[in-house]
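# Observations on the model geometry
Residues per chain, in single letters:
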Amino acid sequence: MLVLVAPGQGAQTPGFLTPWLELPGAADRLGAWSDAIGLDLAHYGTQADADAIRDTAVAQPLLVAAGLLSAAALGDIVPGAVAGHSVGEITAAAYAGVLDDTAALTLVRKRGLAMAEAAAITETGMSALLGGDPEVSVAHLEKLGLTPANMNGAGQIVAAGTMEQLAALNEDKPEGVRKVVPLKVAGAFHTHHMGPAVEKLAEAAKELVPADPTVAYVSNKDGRTVTTGTEVLERLVGQVANPVRWDLCMETFKKLGVTALIEACPGGTLTGLAKRALPGVKTLALKTPDDLDAARELVAEHA
């Protein structure tokens, strides 16, 4: 059973879309999406520097576009399940047929703008904790006023809060944590700091007519499989201010009988977690079109 997953913010790097635009039709699709949302995705995916694509309002639509382009390059595949980490949930919603590509890009453009605006209210950020016991780490974070915004499994938790709180974490790590790594994001996503963005996204969602998923859609709110398009959309809105439970998503993959996992471009983060948390499952990250042949072989064996 094949699971197709989409990464979240922070996975983007300068120029990462360049080789993908050499594929037939890719540049035209990206151009049409750019026109639809008023953002030059080709420029940001091929020429912009790290600071420019770190901007939440840019990074989020760029990641969804990359996820859609790379999955389409695999051909007409039917995975057993789909899921996305943070903004990757919108990509996954498109994979599942809940939203068409243009609707997904329109929603993520509004999401990115709303979250960037919310992040500007207070200077906040996120840091990954590597190693340690989850219960001990969560208790320690709460003591510092931080939120465990991403419970990623495989020994990784992402803390979110004000820059002062994150500075305190650097000086006072939870017992057993090997390292605290600041993330390339511009705010405390999936925390109460994103409350204003939830309200704006809820308004944007009213303009969409979601379809029910055509494959199993695993929500990162709680790892549950969601069966209606209406609930998928409701969760996409609420998840902006709720913690990501990727650990529970991977538990659901196990229960569904996953044998292979492909991570859409810019892949790497989620396959790394899967290698540690899902032993025996074949994994592949789509980084460039050079990975497509190996991915198609996995599809033929497991989809």
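The rules behind each value
- Residues numbered from 1 in each chain as written.
- Predicted model: local features only at pLDDT ≥ 70, side-chain atom pairs only at ≥ 80, totals over all residues.
- Heavy atoms only, no water.
- Helix = DSSP H or I, 4+ residues; strand = E, 2+ residues; numbered from the N terminus.
- Rg over C-alpha atoms; globule rule 2.2 N^0.38 Å.
- Buried < 20%, exposed > 50% of the residue type's maximum accessible area, 1.4 Å probe, protein only.
- Contact = heavy atoms within 4.5 Å.
- Areas by Shrake-Rupley, 256 points an atom, 1.4 Å probe, with all protein chains shown as cover.
- Salt bridge = Lys/Arg side-chain N within 4 Å of Asp/Glu carboxyl O.
- Core = buried A, V, L, I, M, F, W, Y, C linked by side-chain atoms within 4.5 Å.
- Pairing = 2+ DSSP bridges.
- Axes fitted to C-alpha atoms, helices over the stretch in contact; angles between N-to-C directions.
- Phe/Tyr/Trp six-rings, centres within 6.5 Å; stacked < 30°, edge-to-face > 60°.
- Polar contact = N/O pair within 3.5 Å; in protein donor to acceptor, adjacent residues only side chain to side chain.

If you tally the helices and strands in the protein, you get 13 helices and 10 strands. The C-alpha radius of gyration of the protein comes to 18 Å, within 12% of the 19 Å expected for a compact globule of 303 residues. Taking all 303 residues of the protein together, the buried fraction comes to 55%. Long-range pairs, those at least 24 residues apart, make up 73% of the contacts in the protein between residues at least 6 apart in sequence. Total accessible area computed for the protein in this model is approximately 12,200 Å², and 51% of it derives from carbon and sulfur atoms.

Below, the discussion takes up the pattern of salt bridges. For the coordinates displayed, the defined rule picks out 11 salt bridges. Two residues, Glu 231 and Arg 224, come together in a salt bridge whose shortest N-O distance is 2.4 Å. We classify Glu 231 as partly exposed; its relative accessible area is 22%. Accessibility expressed as a relative area gives 39% for Arg 224, which makes it partly exposed. Taking the shortest distance from any N to any O, the salt bridge between Glu 301 and Lys 282 comes out at 3.6 Å. In this pair, Glu 301 sits in helix H13 (residues 292-302) while Lys 282 sits in strand E10 (residues 282-285), placing the two residues 19 residues apart along the sequence. Sharing partners across several salt bridges, the network here consists of Asp 222, Arg 224, Glu 231 and Arg 235.

Right, let's get into the nonpolar core. Counting residues in each nonpolar core, the largest one holds 80 residues, and the members touching the most others are Leu 41, Leu 99, Leu 105, Leu 107, Tyr 217, Leu 236 and Ile 262. Here Leu 41 is in contact with Leu 17, Leu 30, Trp 33, Ser 34, Pro 61, Leu 62, Ala 65 and Leu 105, once residues within four sequence places are set aside. In this structure, Val 244, Cys 249, Val 258 and Leu 273 belong to the second largest nonpolar core, which totals 17 residues.

Where burial is concerned, most of strand E3 (residues 124-131) is hidden: seven out of the eight residues are buried. By the bridge criterion, seven bridges tie E3 to strand E5 (residues 156-162) in an arrangement that is antiparallel. The residue of E5 that forms the bridge with Ser 127 is Ala 159. One ladder, built from five bridges, connects E3 with strand E6 (residues 177-182); its direction is antiparallel. By the bridge assignment for E6, Ser 127 is matched with Pro 182.

Here we take up the sheet that holds strand E2 (residues 81-84). With respect to topology, six strands assemble into an open sheet ordered E8-E7-E2-E1-E9-E10, the strand pairing being mixed. Edge positions in the open sheet fall to strand E8 (225-226) and E10, since each of these has one partner strand only. Of the pairings in the sheet, the one linking E2 to strand E7 (residues 216-218) comprises two bridges and is parallel in character. Bridge pairing in E7 links Val 82 to Tyr 217. The strands touched by H13 within the sheet are strand E1 (2-6), strand E9 (260-263) and E10, with E10 carrying the most contacts at an inclination of about 145°.

Put simply, Cys 265 and Pro 266 share a cis peptide bond, and its omega is -5°. By the element assignment, Pro 266 lies in the loop between E9 and helix H12 (269-277). For Ala 154, which is not a glycine, the phi torsion comes out positive at approximately 55°. Here Ala 154 is to be found in the loop between strand E4 (147-153) and E5.

Our focus in this paragraph is the sheet that holds E6. Pairing in this open sheet of four strands is antiparallel, and the strands run E4-E5-E3-E6 from one edge to the other. Both edges of this open sheet fall to E4 and E6, since each of them pairs with a single strand only. Taken pair by pair, the neighbouring strands of this sheet meet at an average axis angle of 25°, ignoring direction. As judged from the five bridges shared by E4 and E5, these two strands associate in the antiparallel manner. Of the residues in E5, the one forming a bridge with Pro 148 is Ala 159.

Here we take up the packing of aromatic side chains. Taken as a whole and judged by the stated rule, the model has one aromatic pair. An angle of 80° between the planes, with centres 5.9 Å apart, marks the rings of Trp 246 and Phe 253 as edge-to-face. The residues Trp 246 and Phe 253 share a single accessibility class, namely buried.

To continue, consider the environment of Thr 106. Tracing the chain through its elements places Thr 106 in helix H6 (residues 101-119). Sequence separation of Thr 106 and Glu 22 is 84 residues, and the distance between their C-alpha atoms is 24 Å. At 2.8 Å, the side chain of Thr 106 forms a polar contact with the backbone oxygen of Thr 102.

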